[in-house]
Amino acid sequence: MTAPLLQVRGLKRSFYGIHAVNGLDLDVSEGTITALIGPNGAGKTTAFQCISGVVRPDSGSVIFAGQEIAGCAPNVISQAGLLRTFQIARGISRLSVLENLLLYAQEQPDEAILSALLRRGRQAEEAALERAWQIVRKLNLLRVANNPAGALSGGQKKLLEIGRALMAEPRMIMLDEPMAGVNPTLSGEIAEHIVRLREEGVTFLMIEHHMEMVSKFCDPVIVMAEGRRLAQGAFKDIAENEQVQDAYMGRRRWA
Amino acid sequence: MENYLIAMTVFAGIYAIMALGMNLIWGLGGMVNLGLAGFYAVGAYTSALVTTKLGLPIYLAVPLAVLVSALVGVIVAVITARLQGDYLAIVTLGLAELVRLTASNEIWLTNGTDGISGVPGPWRGVLSPTAFNSLYLGIVLCIIAVLFLVLSRLAASPFGRVLRAIREDEMIAAVAGKNVLSFKIRTFAVGCGLVGLAGALFAHYSSYVAPDVFQSIVTIHVILAVAVGGVGNMRGALLGAVIVIALGEATRFLAGSLDFIAPSQAAAVRESLIALFLIVVLNVRKQGLLPEKTPVYSEEKR
């Protein structure tokens, strides 16, 4: 068996004495859409923050594509091919949709001053722009492509989150509640995008509370509770797992 | 009168160069650098010292002043790497005072509050005052033209895009794969280098530098220029600098013509008029006279 694309071992992070992530072990195999579910406060988002480098983990190891990335800066992790989106869409509101996408293009020579003045990276910029247009078409954002991201609707902002991650041509994307607060039609659309991208070779780890979507599209499902992995498996098995039910509903102490 | 007008235009040009540097650091990069007067002083003193004490020619002294200012900018950027907003503002403001107080007290080097006089100007000895002023104005305008083109290009490039992203949301820029610190350092280097250039140009024009010239009010004026002209817009920075100098001078005449008030009151009236104008402009146009534009891409059949 090949090693998983993302391997997390013993990940820990506390905030003022609260162990938000408390020894998390987690594997994501290449080519899967792995779900990360769990009750509120289970530490899912903190786990994402630590894996993506936005928050420094206290301890533990995160190996992505054979490379230790725990404690690396977010830009290093993104450059390694592991991208993330945010739960509350964080499009840069004063940049246009296309600019938001272009920002995520990697290895742009014209981000260096001298090269920018001589326009040495013009071809890379052109190529990036072309990809940005493709993504804009794919995600139905064509009509708002030149609008500032701040003027988008909630659903469009969610799409832009995914689009930006795609722009970096990642091997794996971590989605933080891509369907939260989105109408059913659009969440179906988002799911279709994710499935198609998986077919194109992108691996996903996704926090989601929308159980219908999780059951339909995600395998395996990892359940987190109290900062740790509680269970892992196919959705059907997870749903029948009593420990998992306890974690969501509370323990039946009276039984 | 014509010498006066030319001189004011030269000063407007020097302010415009500072405004361009400020627009890069603050307008695009969102870093509140209140240490402008300090970098202005570093540039002016460097150029004044190496020409008067070491006898270096002006054409070498000015680039050296730019380099030294840029280097100080890099050091400040590294020191303040983790600071944002108000905190960065306070530290940079302190830095400007540090430079000014050093210049006032290290008499062996800077001649203290007496300042350094006799800083050479290009062909000052062989030209008539009017010719010298005109020549200098020409030089300053050429420099501005080049800087404007270079900075506009930079602002519209992927480099400028990353800077604007850092201004809005540093964390997103990092997640997008950009090394935020490296961008900040490079921006400080270029921006502070430009302010140092303005300082050197000032020194060789006025032939005299002293700590008094480099008060924080200079920083405030440049910030006003950028805010009124349009934060993030290079044309706006130029326009703002011209407006700030023109206002300062126009109100001088206006206040002078009111002969029923004392000179000290006249000075207060001047400041008030400038403030009033700025309040009105920023109320009517929050983004400044020439707001930043987001580039519009046309969808060709690709």
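Read on for a plain summary of the structure. The structure displayed is predicted, hence computed values, not measured ones. (Residues numbered from 1 in each chain as written. Chains lettered and ligands numbered in written order. Predicted model: local features only at pLDDT ≥ 70, side-chain atom pairs only at ≥ 80, totals over all residues. Heavy atoms only, no water.)

## Structural notes on the interface of chain B and chain A
Here's step 1: Taken together, the 34 residues of chain B in the interface contact 37 residues of chain A.
Here's step 2: Note on chain B versus chain A: buried area summed over both sides is about 3,500 Å², and carbon and sulfur give 60% of it.
Here's step 3: With a shortest N-O distance of 2.9 Å, Arg 161 of chain B and Glu 125 of chain A are connected by a salt bridge.
Here's step 4: Here chain B and chain A share 14 residue pairs in polar contact (both at pLDDT 80 or more) between them.
Here's step 5: Residue contributions to the side of chain B that touches chain A peak at eight residues, all from helix α7 (residues 158-168) of chain B. (Contact = heavy atoms within 4.5 Å. Buried area = accessible area lost by both parts, 1.4 Å probe. Salt bridge = Lys/Arg side-chain N within 4 Å of Asp/Glu carboxyl O. Polar contact = N/O pair within 3.5 Å; in protein donor to acceptor, adjacent residues only side chain to side chain. Helix = DSSP H or I, 4+ residues; strand = E, 2+ residues; numbered from the N terminus.)

## What to know about the pattern of salt bridges
Here's step 1: For the structure on display, the rule yields 18 salt bridges over all chains.
Here's step 2: Glu 111 of chain A is paired through a salt bridge with Lys 178 of chain B; the nearest N and O atoms lie 3.0 Å apart. Placement of the pair is Glu 111 of chain A in the loop between α3 (97-103) and α4 (113-118) and Lys 178 of chain B in the loop between α8 (170-175) and α9 (180-206), with the two residues belonging to separate chains.
Here's step 3: Lys 184 of chain B is the partner of Glu 170 of chain B in a salt bridge, and the nearest nitrogen-oxygen pair spans 2.8 Å. Here Glu 170 of chain B, found in helix α8, pairs with Lys 184 of chain B, found in helix α9; they are 14 residues apart in sequence, far enough to count as distant.

## Re a nonpolar patch on the surface
Here's step 1: Where nonpolar side chains cluster on the molecular surface, the patch consists of Met 1, Leu 5 and Phe 253 of chain B and spans about 360 Å² of accessible area.
Here's step 2: Examined against the element boundaries, Phe 253 of chain B turns out to sit in helix α11 (residues 234-257). (Patch = residues over 30% accessible without salt bridge, like charges linked within 9 Å, V, L, I, M, F, W, Y side chains within 5 Å. Areas by Shrake-Rupley, 256 points an atom, 1.4 Å probe, with all protein chains shown as cover.)

## Brief notes about helix α6 (residues 154-167) of chain A
Helical geometry: 3.6 residues make up each α-helical turn, so side chains three or four residues apart lie on a common side.
All names here are of chain A.
Here's step 1: In a regular helix each residue adds 1.5 Å, so 14 residues correspond to 20 Å; α6 covers 20 Å between its end C-alpha atoms and thus fits that length.
Here's step 2: Turning to α6, its buried residues are Gly 155, Lys 158, Leu 159, Leu 160, Glu 161, Ile 162, Gly 163, Arg 164, Ala 165, Leu 166 and Met 167.
Here's step 3: Of the residues one or two after α6, Glu 169 is the one with positive phi, at around 50 degrees. (Expected span 1.5 Å × (residues − 1). Buried < 20%, exposed > 50% of the residue type's maximum accessible area, 1.4 Å probe, protein only.)

## Details of the packing of helix α1 (residues 2-28) of chain B against helix α10 (residues 216-229) of chain B
Residues and elements named next belong to chain B.
Here's step 1: Closest axis-to-axis distance for the α1/α10 pair is 9 Å, and the angle between their directions is 70 degrees. Relative to α10, the element α1 lies roughly perpendicular. Contacts from Tyr 15, Met 18, Ala 19, Met 22, Asn 23 and Trp 26 in α1 reach Val 218, His 221, Val 222, Ile 223, Val 226 and Ala 227 in α10.
Here's step 2: A class-by-class count of the residues in the contact of α1 with α10 yields ten nonpolar, two polar and no charged. (Axes fitted to C-alpha atoms, helices over the stretch in contact; angles between N-to-C directions. Parallel < 35°, antiparallel > 145°, perpendicular 65-115°, else oblique. Nonpolar A, V, L, I, M, F, W, Y, C, P; charged D, E, K, R; others polar.)

## Comments concerning the side chain of Ser 187 of chain A
Residue and element names in this part refer to chain A.
Here's step 1: You can see Ser 187 is positioned in helix α7 (residues 184-199).
Here's step 2: Judged by its relative accessible area of 1%, Ser 187 falls in the buried class.
Here's step 3: A polar contact is formed between the side chain of Ser 187 and the backbone oxygen of Pro 184, at a distance of 3.0 Å.
Here's step 4: In contact with Ser 187, other than residues within four places in its own chain, are Met 179, Val 182, His 210 and Met 213.

## As for the sheet that holds strand β1 (residues 6-15) of chain A
Residue and element names in this part refer to chain A.
Here's step 1: With respect to topology, four strands assemble into an open sheet ordered β2-β1-β4-β5, the strand pairing being antiparallel. Every other strand in the sheet has two partners, leaving β2 (18-28) and β5 (67-68) as the edge strands with one partner each.
Here's step 2: Where β1 lies against strand β4 (residues 59-64), five bridges are found, and the strand directions are antiparallel. Paired with Gln 7 across the two strands is Ile 63, which belongs to β4.
Here's step 3: In the packing of helix α1 (residues 44-51) onto the sheet, contacts are made with β1, β2 and β4, and the angle to β1 comes to roughly 110 degrees. (Pairing = 2+ DSSP bridges.)

## Structural notes on the environment of Ala 73 of chain A
Here's step 1: Among the structural elements, Ala 73 of chain A can be located in the loop between β5 and α2 (74-79).
Here's step 2: Separated by 83 residues in sequence, Ala 73 of chain A and Gln 156 of chain A place their C-alpha atoms 28 Å apart.

## Some words on unusual backbone geometry
Here's step 1: Cis rather than trans, the peptide bond between Asp 219 of chain A and Pro 220 of chain A has omega equal to 0 degrees.
Here's step 2: The residue Pro 220 of chain A is located in the loop between α8 (211-217) and β9 (221-225) in this model.
Here's step 3: A positive phi is found at Asn 111 of chain B, a non-glycine position, where the angle reads about 65 degrees.
Here's step 4: Following the sequence through the fold, Asn 111 of chain B ends up in the loop between α5 (107-110) and β1 (116-117).
Here's step 5: You can call Asn 111 of chain B partly exposed: its relative accessible area is 39%.
Here's step 6: Here the phi dihedral of Trp 123 of chain B falls at roughly 55 degrees; this positive angle occurs in a residue that is not glycine.
Here's step 7: Examined against the element boundaries, Trp 123 of chain B turns out to sit in the loop between β1 and α6 (129-156).
Here's step 8: Overall, the relative accessible area of 58% leaves Trp 123 of chain B in the exposed class.

## Let's talk about the packing of α10 of chain B against α11 of chain B
All names here are of chain B.
Here's step 1: One way to put it is that α10 packs onto α11 with a least axis distance of 7 Å and a crossing angle of 125 degrees. The pairing of α10 with α11 is recorded here as oblique in orientation. When the axes of α10 and α11 are compared, the crossing they make is right-handed. Along its contact with α10, which presents His 221, Leu 224, Ala 225, Val 228 and Gly 229, the element α11 presents Gly 236, Gly 240, Ala 241, Ile 243 and Val 244.
Here's step 2: Taken together, the residues of the contact of α10 with α11 sort by class into six nonpolar, four polar and no charged. (Left-handed = near helix turned anticlockwise from the far one by under 90°.)

## Details of the pairing of β9 of chain A
Each regular strand carries side chains that alternate between the two faces of the sheet.
All names here are of chain A.
Here's step 1: Within β9, five of the five residues are buried, which leaves the element mostly enclosed by the surrounding structure.
Here's step 2: A two-sided burial pattern is seen for β9, the buried positions comprising Val 221, Val 223 and Ala 225 on one face and Ile 222 and Met 224 on the other.
Here's step 3: Note that strand β3 (residues 33-37) and β9 share three bridges and pair parallel. Across the sheet, residue Ala 35 finds its bridge partner in β9, namely Val 221.
Here's step 4: Bridge count for β9 against strand β10 (residues 228-233) is five bridges, and the pairing is antiparallel. Bridge assignment links Val 223 to a residue of β10, and that residue is Ala 231.

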